[in-house]
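Chain by chain, the residues run as shown.
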Amino acid sequence: MQWVQILILGLMLGGVYAVMASGLTLIFGVMRIVNLAHATFILLAAYLTFFLYEFLDVDPILSLAVTVPVMFLVGIAVYLLLFPRIENSPRFVESTVLLTFGVALFMEGTMGRTFTGTYRLVRPTYGTESFLIGDLYIPKGQLYALIVSAVLLLLLAALLYGTRIGGSIRATMQNRTAAQIVGVNVRRTMALSFGLGIALAGASGTLLSFLFPFFPASHWEWVPIMLALVVLGGLGSLQGALIGALGLSVVAAFVMTELGPTWQPMTFFLALFLILLVRPQGLYGKPLEA
Amino acid sequence: MPLLQLEGVTAGYGSAPNIINGVDLEVEAAHSYCIIGPNGAGKSTLLRAICGVLHPRSGRVLLDGEDIGRLRPDQVLARGLCFVPSDRALFPAMTVRENLEMGAFLESDKRVIAERLERALEIFPVLRERATQRAGTLSGGQQQQVVLGRALMMEPRIIMIDEPSLGLAPQIAQQIFRTIASFADMGISVLLVEQNVRRGLNAAQSGIVLDLGRKVLEGPAGTILTDPRLRELYLGRQAEAAAGSGDDGRA
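Residues numbered from 1 in each chain as written. Chains lettered and ligands numbered in written order. Predicted model: local features only at pLDDT ≥ 70, side-chain atom pairs only at ≥ 80, totals over all residues. Heavy atoms only, no water.

Draft legend 1. Spotlight on the overall build of chain A. The helix and strand inventory of chain A stands at 11 helices and two strands. When the helices and strands of chain A are listed from N to C terminus, the series reads α-α-α-α-β-β-α-α-α-α-α-α-α. By the compact-globule yardstick of 19 Å for 290 residues, chain A fits well, its C-alpha radius of gyration being 19 Å. Counting only C-alpha atoms, chain A reaches 60 × 45 × 35 Å along its principal axes. Counting only residues that meet the buried cut, chain A has 54% of its 290 residues in that class. Here chain A displays about 13,200 Å² of accessible surface, and carbon together with sulfur accounts for 70% of that area. Computed over 14 positive and 11 negative side-chain charges, the inter-centroid distance for chain A is 16 Å. (Helix = DSSP H or I, 4+ residues; strand = E, 2+ residues; numbered from the N terminus. Rg over C-alpha atoms; globule rule 2.2 N^0.38 Å. Buried < 20%, exposed > 50% of the residue type's maximum accessible area, 1.4 Å probe, protein only. Areas by Shrake-Rupley, 256 points an atom, 1.4 Å probe, with all protein chains shown as cover. Lys, Arg positive; Asp, Glu negative; His and termini not counted. Charge placed at Lys NZ, Arg CZ, Asp CG, Glu CD.)

Structure below.
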């Protein structure tokens, strides 16, 4: 029965991973931005959740109602401030790597100065409780995070497939020129998508805030994990990100119990290496044009 | 007053020199024009400068007297001017039907969209059979039909088509050109850019010849085709080769 237990733990984290990865892959898919600062936005939302909990006693899950819209606006502001300047760069994708790396350092420094380097963790009561079903142990916090993640991903799917804005986002992802031709305001769509991607980062940050302790530099732990998730699925593919997230989180859970927690991060690096060797475009990705 | 009027339009990319140099042009309603000229003459650039993808450096683009030269592509489109680029920009992961429906993106009335879809499927019956297939898996000719069908879904007043025959077998291209030739009868003005002079001019009522970014010849398609100046201006450089091999005028 032990493997069922591990599978459950892996899948529960997979939900949060999927929310993180979907934001990152959406941003790449629509705008070709490789957002190395994605995890710093996750942390920013985690801090926001932390302070809402500490000072106003707001439950972290309820605080999504604040963090998601705030991060959406932060995303749009960051997009408008930085990216139109490099829009016509002949090496746009490469430029975004440098630019977002700079943003990550700036965010880390600012958060370090403002929030100090102390480890933080939001501690709602369900953060340490669990359900016991038969022999199976299900941590409440992770279960709630999974449920919220599933709801968020369903909402994302409804937005993308059921609304006009979603239509313009999907159209821009598939072919920017074609989107422009049929009358999509591509610029506005890109700003909205960046906002949406950062809002998803915000949602995952809020969920992570009661699952893992964090401090301003801990975003570096998440960067390789997220890259592995989205590269496995194929950069820019949402279903790929979902499958990558669930798959790798389960594998990582098994690695952790069989080989020990030290090896867990290696799972993601190893996966990244293997994918790039065997199938660089990922499961659902299309090869990147030069 | 012509539907669309260009006055001394110059345009180019980035900081590079002008590709088109002071082009004047008048496009009448429900009339088709084929723009021909050797490689680098500025044919595609001219279309881009009209549809808002590229903004003219100087000169005016007037649609019904309104200068549309600084508008975004979606704003130009909303005024009834649509552009079909040569790379058949379609949405590969969407079905044929979804691709067509995207053509009516600016229209929100579902009934109107359904009507337009029905009309497009009548013009391109193959697409009805393929309605649920992903557009990325279609053959080149079918993809071209999707792109043209999608353009019709926009209910354009002017449709600008850049090299529709690119990469198509001659027979398929012939079929595409027959359809394009029928657009003027549907009340739509056509600006067609084509490398193949004879095929292009046969599908249009008027011809416009560009060379080095300037308009050098204009007139009824049939007259242009036999105009000695065309041979001189356009085929001059390859006249021997073209005449010798019985080539139909492909540059």
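Structure shown, so let's carry the discussion forward.
Draft legend 2. Layout of the pairing of strand β4 (residues 58-63) of chain B. Residues and elements named next belong to chain B. Relative to β4, strand β1 (residues 4-11) runs antiparallel, the two being bridged by five bridges. Its bridge partner lying in β4, Thr10 is registered against Ser58. Note: β4 against strand β5 (residues 66-67), two bridges, orientation antiparallel. Bridging from a neighbouring strand, Leu62 pairs with Asp67 of β5. (Pairing = 2+ DSSP bridges.)

Draft legend 3. Just the pattern of salt bridges, in detail. All names here are of chain B. Tallied over the full model, the rule gives 12 salt bridges over all chains. With a shortest N-O distance of 2.8 Å, Asp64 and Arg157 are connected by a salt bridge. Separated by 93 residues along the polypeptide, Asp64 in the loop between β4 and β5 and Arg157 in the loop between α6 (140-153) and β7 (158-162) bring together distant segments of the chain. (Salt bridge = Lys/Arg side-chain N within 4 Å of Asp/Glu carboxyl O.)

Draft legend 4. Broad picture of the pairing of β7(B). All names here are of chain B. β7 sits mainly inside the fold: five of its five residues count as buried. Residue alternation in β7 divides its side chains into two sets, Ile158, Met160 and Asp162 and Ile159 and Ile161, and both sets are buried. Across four bridges, the pairing between strand β6 (residues 81-84) and β7 is parallel. Bridge pairing in β7 links Phe83 to Met160. By the bridge criterion, five bridges tie β7 to strand β8 (residues 189-193) in an arrangement that is parallel.

Draft legend 5. Quick peek at the sheet that holds strand β9 (residues 206-211) of chain B. All names here are of chain B. Taken together, the six strands give an open sheet; going across it, the order is β6-β7-β8-β3-β9-β10, and neighbouring strands pair in mixed fashion. Each of the sheet's edge strands pairs with one partner strand only, and the pair in question is β6 and β10 (214-220). The sheet shows a mean angle of 15° between the axes of neighbouring strands, taken without regard to direction. Relative to β9, strand β3 (residues 32-36) is paired through four bridges, and the arrangement is parallel. Pairing of Ile36 across the sheet is with Val209, part of β9. Those strands touched by helix α1 (residues 43-51) are β3, β6, β7, β8 and β9, and its axis lies near 145° from that of β7. (Axes fitted to C-alpha atoms, helices over the stretch in contact; angles between N-to-C directions. Contact = heavy atoms within 4.5 Å.)

Draft legend 6. Layout of the nonpolar core. In terms of nonpolar packing, the biggest core is built from 135 residues, with A:Tyr17, A:Phe41, A:Phe194, B:Ile159, B:Ile161, B:Ile180 and B:Phe183 touching the most fellow members. When residues of this core are assigned to their parent elements, the largest contribution, 13 residues, is made by helix α1 (residues 2-31) of chain A. With sequence-adjacent residues up to four places away left out, B:Phe183 is seen in contact with B:Leu148, B:Leu152, B:Ile159, B:Ile161, B:Ile188 and B:Val190. Grouped together as the second largest cluster of nonpolar side chains are 31 residues, B:Ile35, B:Cys51, B:Leu63 and B:Val193 included. (Core = buried A, V, L, I, M, F, W, Y, C linked by side-chain atoms within 4.5 Å.)

Draft legend 7. Main features of the interface of chain A and chain B. In this complex, chain A contributes 16 residues to the contact, which on the side of chain B involves 20 residues. Taken together, the two surfaces of chain A and chain B that pack against each other cover about 1,600 Å², and 64% of this comes from carbon and sulfur. Looking at the side of chain A facing chain B, the largest losses of area belong to A:Gln174, A:Ile181 and A:Val182, adding up to 39% of the total buried there. Connecting chain A to chain B are zero salt bridges. For the pair chain A and chain B, the interface holds four residue pairs in polar contact (both at pLDDT 80 or more). Elements with a minimum of two residues in the side of chain A that touches chain B: α6 (164-174) and α7 (176-181) of chain A. Of the residues forming the side of chain A that touches chain B, the biggest block, six residues, is contributed by α6(A). Its residues placed into classes, the side of chain A that touches chain B shows six nonpolar, eight polar and two charged. (Buried area = accessible area lost by both parts, 1.4 Å probe. Polar contact = N/O pair within 3.5 Å; in protein donor to acceptor, adjacent residues only side chain to side chain. Nonpolar A, V, L, I, M, F, W, Y, C, P; charged D, E, K, R; others polar.)

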